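Analysis of the macromolecular model
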Amino acid sequence: MKVRTRFAPSPTGFIHLGNIRSALYPWAFARSTQGDFILRIEDTDLERSSQAAVDVIIEGMKWLGLDHDEGPFFQMQRMDRYKAVLEQLKAAGHVYPCYMSVAELDALRERQMAAKEKPRYDGTWRPEPGKTLPPVPEGVQPVLRFRTPVGGSVVWDDKVKGRIEIGNAELDDLVIARPDGTPTYNFCVVVDDIDMGITHVIRGDDHVNNTPRQIHIFRALGHEPPVYAHLPTVLNEQGEKMSKRNGAKAVTQYRDEGYLPDAMVNYLARLGWSHGDDEIFSRQQFLQWFDLDHLGRSAAQFDEAKLRWVNAQHLKAMDDAALAPLVAQQLERMGLQADDRLPAICGLFKDRCDTTVALAQWARAFYADVVPDAAEQAQHVTDAVRPALQSLVQQLEACAWDKVAIGAAIKSVLAEHGLKMPQLAMPVRVLVMGTAQTPSLDAVLALHDKKVVITRLQNG
Ligand code: GLU
């Protein structure tokens, strides 16, 4: 049987890391089993859904390389299908009209609460052999309720949570169509999962309560339910459930802040799944290792410092030629145009950076004027060192422009003025790069244009 998984986000806010992890695992499971991964947008909440949120889902998945084989399907475009399936359920006697008004439902709830009972629909309108139903009120459009089986229980072997059994007595008769005939959430999900041939539903554990109801609808429609894996919540750094309401960032913001897609995949993979003690791995390794048997059972907590660390590891390991276009994009956002020196610049600076934004800030000194840090300039560019700087300008003017020749010029100035390397290197760095802390001076200067170096030294 071919594995078919799906990601079914509701576009009711900008998708954050906690949400996108629910895309990563079904994607990885499909990819690692040569299955299919389907994208379905659950946009039936018209008031809260927005096109902008759909765009962030699609952009974020594209950025992370979570490619889908089918879709995006939009639930709002499938209404006719849901209504047709609703007719099937009606014809088979699995649903019945319920005319209980909102006021009556509220009164029922209050009575139950007062009696310390769990609030639930009491089956007033559920037809049973020999039962007389109340008279149908005039001018009231009924909702349709699903007939939950009486007695027994629903059981499934959750791939994360283990065996779950819910007694049918716990479940009241779910509304599956509103008075205007529009189908409700749990029903649409099941019709989609059947039509899309989903074999494994991997989703957040906020849906565990829906699962027994969905399983009943599957069976009423003549299908066995898929395998379920309910992922524990992702908590934010304060230990609260990650949500846009408490400051979770849209996924695409991490792209803008200079995170690498492979590092994000690595980090997110570890938020709820493990392969021994492995912390840093490539996308290919992840897909080789991923399975549903090593999903964590407890909530995972987001840790920005760890994300930065993972990103730094990927940045260091990344090929300079592959890294350069990503840094070029960040430079472009700063209004700067990179050139063919950028891969070498990446190679020289990447060890001291944890994001492509940090790398672009270094690269900036090669593509825009620098303003030396005032305190560092005052500390290092002193009158005592100015004669040596002038000699260096002269030597560099006559120098072949490569790392070896530049290194030799620096050494000869040090000898001539009786200075130690830092006494000359610090002021040169401050003037050329804007700061005293840089990689090896000869390598840094060699990547600059000779004229630029000389002009910046003369400005000191
Ligand atoms: N649309 C639901 C959500 O965003 C997911 C439904 C599902 O995966 O079954 O939480």
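Structure's up top.
Worth saying up front: this structure is predicted, and the values here are computed from it rather than measured.

Scoring rules and cut-offs
Residues numbered from 1 in each chain as written. Predicted model: local features only at pLDDT ≥ 70, side-chain atom pairs only at ≥ 80, totals over all residues. Heavy atoms only, no water. Near = heavy atom within 4 Å. Polar contact = N/O pair within 3.5 Å; in protein donor to acceptor, adjacent residues only side chain to side chain. Areas by Shrake-Rupley, 256 points an atom, 1.4 Å probe, with all protein chains shown as cover. Nonpolar A, V, L, I, M, F, W, Y, C, P; charged D, E, K, R; others polar. Axes fitted to C-alpha atoms, helices over the stretch in contact; angles between N-to-C directions. Helix = DSSP H or I, 4+ residues; strand = E, 2+ residues; numbered from the N terminus. Parallel < 35°, antiparallel > 145°, perpendicular 65-115°, else oblique. Contact = heavy atoms within 4.5 Å. Buried < 20%, exposed > 50% of the residue type's maximum accessible area, 1.4 Å probe, protein only. Pairing = 2+ DSSP bridges. Core = buried A, V, L, I, M, F, W, Y, C linked by side-chain atoms within 4.5 Å. Phe/Tyr/Trp six-rings, centres within 6.5 Å; stacked < 30°, edge-to-face > 60°. Lys NZ or Arg CZ within 6 Å of the ring centre and 35° of its normal. Salt bridge = Lys/Arg side-chain N within 4 Å of Asp/Glu carboxyl O.

1. Describing the site of the ligand
Contacts to the ligand come from Arg6, Ala8, Pro9, Ser10, Glu42, Tyr185, Val189, Arg203 and His207. For the ligand, a nitrogen atom lies 2.5 Å from a polar atom in the side chain of Glu42. Between the ligand and Arg203, the relevant distance is 2.8 Å, taken from an oxygen atom to a side-chain nitrogen or oxygen of the residue. The fraction of the free accessible surface of the ligand (300 Å²) that becomes covered by protein chains is 82%. For the shell around the ligand, the residue count by class is four nonpolar, two polar and three charged.

2. Thoughts on the packing of helix H1 (residues 17-32) against helix H8 (residues 261-270)
It is the contact of H1 with H8, at a shortest axis distance of 10 Å, that shows an interaxial angle of 90°. In terms of their interaxial angle, H1 and H8 are classed as roughly perpendicular. When H1 is examined against H8, the residues Leu17, Ile20, Arg21, Leu24 and Tyr25 are found in contact with a partner set consisting of Met264, Val265, Leu268 and Ala269. Of the residues belonging to the contact of H1 with H8, the class tally is eight nonpolar, no polar and one charged.

3. Re the pairing of strand E1 (residues 4-7)
By the alternation rule, side chains of E1 split into Arg4 and Arg6 and Thr5 and Phe7, which are all buried. In the sheet, E1 pairs with strand E2 (residues 36-41) via four bridges, with the strands oriented parallel. Following the sheet pairing, Arg6 is matched in E2 by Ile38.

4. So, the nonpolar core
Core analysis: the largest hydrophobic core is formed by 103 residues, its most contacted members being Ile20, Phe286, Leu342 and Leu457. Counting 31 residues, the second-largest nonpolar core is a separate cluster that includes Met79, Met196, Ile198 and Val201.

5. Comments concerning the packing of aromatic side chains
Evaluated as defined, the whole model comprises 14 aromatic pairs. Note on Trp273 and Phe281: the rings are 6.0 Å apart at their centroids and 85° apart in plane angle, and the pair reads as edge-to-face. For the pair Trp273 and Phe281, one class covers both residues: buried. Members of the aromatic cluster, connected to one another through ring pairs, are Tyr25, Trp273, Phe281, Phe286, Trp289 and Phe290. The side chain of Arg145 reaches across the aromatic face of Tyr121, ending 3.6 Å from its centre.

6. As for the sheet that holds strand E4 (residues 95-98)
Read across the open sheet, the three strands follow the order E4-E5-E8; overall the sheet is antiparallel. Of all the strands in the sheet, just E4 and strand E8 (175-177) have a single pairing partner and so form its edges. Taking each pair of neighbouring strands and ignoring which way they run, the sheet shows an average axis angle of 45°. Examined bridge by bridge, E4 and strand E5 (residues 143-146) share four bridges and lie antiparallel to one another. Paired with Pro97 across the bridge in E5 is Leu144.

7. Remarks on the environment of Met76
As for its position among the elements, Met76 is in the loop between strand E3 (70-74) and helix H3 (79-91). Take Met76: its relative accessible area is 31%, and that puts it in the partly exposed class. Along the chain, Met76 and Tyr96 lie 20 residues apart, while their C-alpha atoms are 24 Å from each other.

8. Let's talk about the environment of Ser22
With respect to the helices and strands, the residue Ser22 is situated in helix H1. The sequence separation of Ser22 and Val85 amounts to 63 residues, and the corresponding C-alpha distance is 28 Å. Contacts of Ser22, omitting those with residues within four sequence positions, involve Phe7, Ile202, Gly204 and Leu231.

9. Things to note about the side chain of Asp173
Of note, Asp173 is situated in the loop between strand E7 (162-167) and E8. For Asp173, the side chain forms a polar contact with the side chain of Arg126, separated by 3.0 Å. With near-sequence residues (within four places) excluded, Asp173 lies in contact with Tyr96, Tyr121, Arg126, Arg145, Phe146, Arg147 and Thr148.

10. As for the pattern of salt bridges
Once their charged atoms are close, side chains differing in charge can pair, the charge on each being opposite to the other. Inspection of every chain in the model, using the stated rule, returns 36 salt bridges. Residues Glu257 and Lys249 are paired through a salt bridge, measuring 3.1 Å at the closest nitrogen-oxygen approach. Overall, Lys249 belongs to the partly exposed group, its relative accessible area being 22%. With its nearest N and O atoms 2.9 Å apart, the salt bridge here joins Arg283 to Asp262. Placement of the pair is Arg283 in helix H9 (residues 283-289) and Asp262 in helix H8, with a sequence separation of 21 residues. Residue Arg283 is classed as buried on the basis of its relative accessible area of 14%. Because the salt bridges share partners, they merge into one network encompassing Arg6, Arg40, Glu42, Arg78, Arg81, Asp192, Asp193 and Asp195.

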